[in-house]
Amino acid sequence: MATSSDPQTPIFFNKKLSILVLLMLSSHILTDDISLLSQVEAARHHPPTAESSLFHQSSNSTKRHQKWVGPSGFLSITVALHGGADFTSVQAAVDSVPENNTKNVVIQISAGCYKEKVVVPQMKPYITFIGEGMNSTMIEWHDRASDRGANGEQLRTYRTASVTVYANFFKAKNISFKNTAPAPLPGMEGRQAAAFRISGDKAYFSGCGFYGAQDTLCDDAGRHYFKNCYIQGSIDFIFGNGRSMYKDCQLHSIAKRFGSIAAQDRNWPDEKTGFSFVNCRVTGSGPLYVGRAMGQYSRIVYSYTYFDDVVAHGGWDDWDHTSNKNKYKLQILFFSFSIYKGVKECRTFYSYKLILLTKQDCVFRSLQMLGAGGGGREGRVMGTGARV
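Residues numbered from 1 in each chain as written. Predicted model: local features only at pLDDT ≥ 70, side-chain atom pairs only at ≥ 80, totals over all residues. Heavy atoms only, no water.

Naming follows an unreviewed UniProt entry, where the protein chain appears as Pectinesterase of Kalanchoe fedtschenkoi. Regarding the protein chain, the UniProt comment filed under Catalytic activity (unreviewed entry) reads as follows: "[(1->4)-alpha-D-galacturonosyl methyl ester](n) + n H2O = [(1->4)-alpha-D-galacturonosyl](n) + n methanol + n H(+)". (UniProt positions renumbered as here; feature names shortened; annotations may be inferred.)

Caption draft 1: Geometry of the UniProt feature "active site" (unreviewed entry) in the protein chain. Annotation from UniProt places "active site" (unreviewed entry) at Asp236. Tracing the chain through its elements places Asp236 in strand 17 (residues 235–240). Owing to a relative accessible area of 0%, Asp236 belongs among the buried residues under this scheme. (Helix = DSSP H or I, 4+ residues; strand = E, 2+ residues; numbered from the N terminus. Buried < 20%, exposed > 50% of the residue type's maximum accessible area, 1.4 Å probe, protein only.)

Caption draft 2: Region of the structure containing the side chain of His224. Among the secondary structure elements, His224 is positioned in strand 15 (residues 223–227). Among the polar contacts listed, one links the side chain of His224 to the backbone oxygen of Gly200, at a separation of 2.8 Å. (Polar contact = N/O pair within 3.5 Å; in protein donor to acceptor, adjacent residues only side chain to side chain.)

Caption draft 3: Highlighting the confidence of the model for the protein chain. Overall, the prediction assigns the protein chain a mean pLDDT of 74, with 65% of residues at 70 or greater. Contacts of residues 2–63 to residues separated by more than four positions or lying in other chains number 218 contacts, the stretch itself having pLDDT below 50. (pLDDT = per-residue confidence, 0-100. Contact = heavy atoms within 4.5 Å.)

Caption draft 4: Structural context of the pairing of strand 24 (residues 300–303). Side chains Ile300 and Tyr302 of strand 24 all project onto a buried face; the interleaved residues Val301 and Ser303 project onto the opposite face, where all are buried too. By the bridge criterion, four bridges tie strand 21 (residues 274–278) to strand 24 in an arrangement that is parallel. Along strand 24, the bridge assignment pairs Val278 with Ser303. (Pairing = 2+ DSSP bridges.)

Caption draft 5: Spatial organisation of the sheet that holds strand 11 (residues 196–198). Strand order across the open sheet formed by eight strands is 5-8-11-14-17-20-23-26, with parallel pairing between neighbours. At either end of the open sheet lies a strand with only one pairing partner, and these are strand 5 (118–120) and strand 26 (316–317). In this sheet, strand 14 (residues 217–219) lies alongside strand 11 in parallel orientation, the contact comprising three bridges. By the bridge assignment, Ile198 is partnered in strand 14 with Asp219.

Caption draft 6: Here's a closer look at the pattern of salt bridges. Tallying each qualifying case throughout the model produces four salt bridges. With a closest N to O distance of 2.4 Å, Lys117 and Asp143 form a salt bridge. With Lys117 in the loop between strand 4 (112–115) and strand 5 and Asp143 in the loop between strand 7 (137–141) and strand 8 (163–165), this residue pair connects regions lying 26 residues apart in the sequence. A relative accessible area of 12% places Asp143 in the buried class. With a closest N to O distance of 3.2 Å, Asp220 and Arg197 form a salt bridge. (Salt bridge = Lys/Arg side-chain N within 4 Å of Asp/Glu carboxyl O.)

Caption draft 7: Just empty space enclosed by the protein, in detail. Applying the stated criterion to the full structure yields one cavity of 30 Å³ or more. Its boundaries defined by the atoms lining it, the largest cavity holds a volume of some 30 Å³. Around the largest cavity sit Asn179, Ala181, Pro182, Pro184, Arg191, Ala193, Gly212, Ala213 and Gln214, which together line it. (1 Å grid on protein atoms, 1.4 Å probe; cavity = no way out; pocket = protein on both sides within 12 Å on 5 of 7 lines; lining within 4 Å. Points joined across faces, edges and corners; volume = space filled by probe spheres on them.)

Caption draft 8: Representation of the pairing of strand 7. By the criterion of burial, strand 7 is predominantly enclosed, with four of the five residues buried. As paired strands, strand 4 and strand 7 are joined by four bridges and run parallel to one another. In the strand pairing of strand 7, Cys113 is matched with Met138.

Dropping the structure here:
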């Protein structure tokens, strides 16, 4: 991030792990009464029923049921780099969608490397990007935080993204997003370079690749679901204040000396934001912090996740917040699973003090963390109505 302090070099912790880690500064659960799946399948609200001794569930479960009204109609747009389609650039295809769009718009993007910077405006919801595979269809650019924009000012981190989405109900499938700026060494300033920024609500990504180094994926704001995605980076390569689940994803580190996976920016105890990684794999080089406290109440979860020999001793970094050290206690919930034998133990670290917990306290493993209650198809979680 443009205003971050670089993590201090960690001591390498040479052990393979399969864990659930919660990096947080309070003990509030990451759920609320807003239903996502029920909006799509039944327009019904089903509040979470799981009880937890550690996490506080909302007591307001009697809200009036409301019928969800989604998009109406369908529009298909094609993009091919060398012609033979509606457009030759992705941005031109997005520009053709009218503001206040009410249709499911599917932009089919043929194989190729599209070297352009793409923005999906806030007033253009219900847009889907579909490529021909994360290794075949790519959108890439090369901006860094220290680069100058059209107004002569530095871009800073959030405006470096090769693709930025402000609209709600965005989907992407079988496509990759890259920032090709060279990977910086730890401590170098102005080298943040995002590949993708998602600032809209109810976004869904399936089979997508995100490639970069420092600050690859800006999970900025809103509820987001990432399934079977590949995310590559070195320092804080997933960051922001989104409320997001990453399921069956590979998180690949290219850190040269040390790095960190995620930096979450939750700043208030009543915020429902946080990152949850479920059944993921962490691979590559290290040592790595599993999380950094970008915000005063940062919250990061890893469940049923395999870590290669890359985890730094201590596991986390407090971002050098004075208030983190003097006012709040950084809490890590560590839920450990044997790769072959199932559940072993559930632990919480308050700083470096170990406390054992029960399995009932580990609740960040379902789509209820996104506000979803009841059942429903994962592929239609975010309510666009478009099958992906």
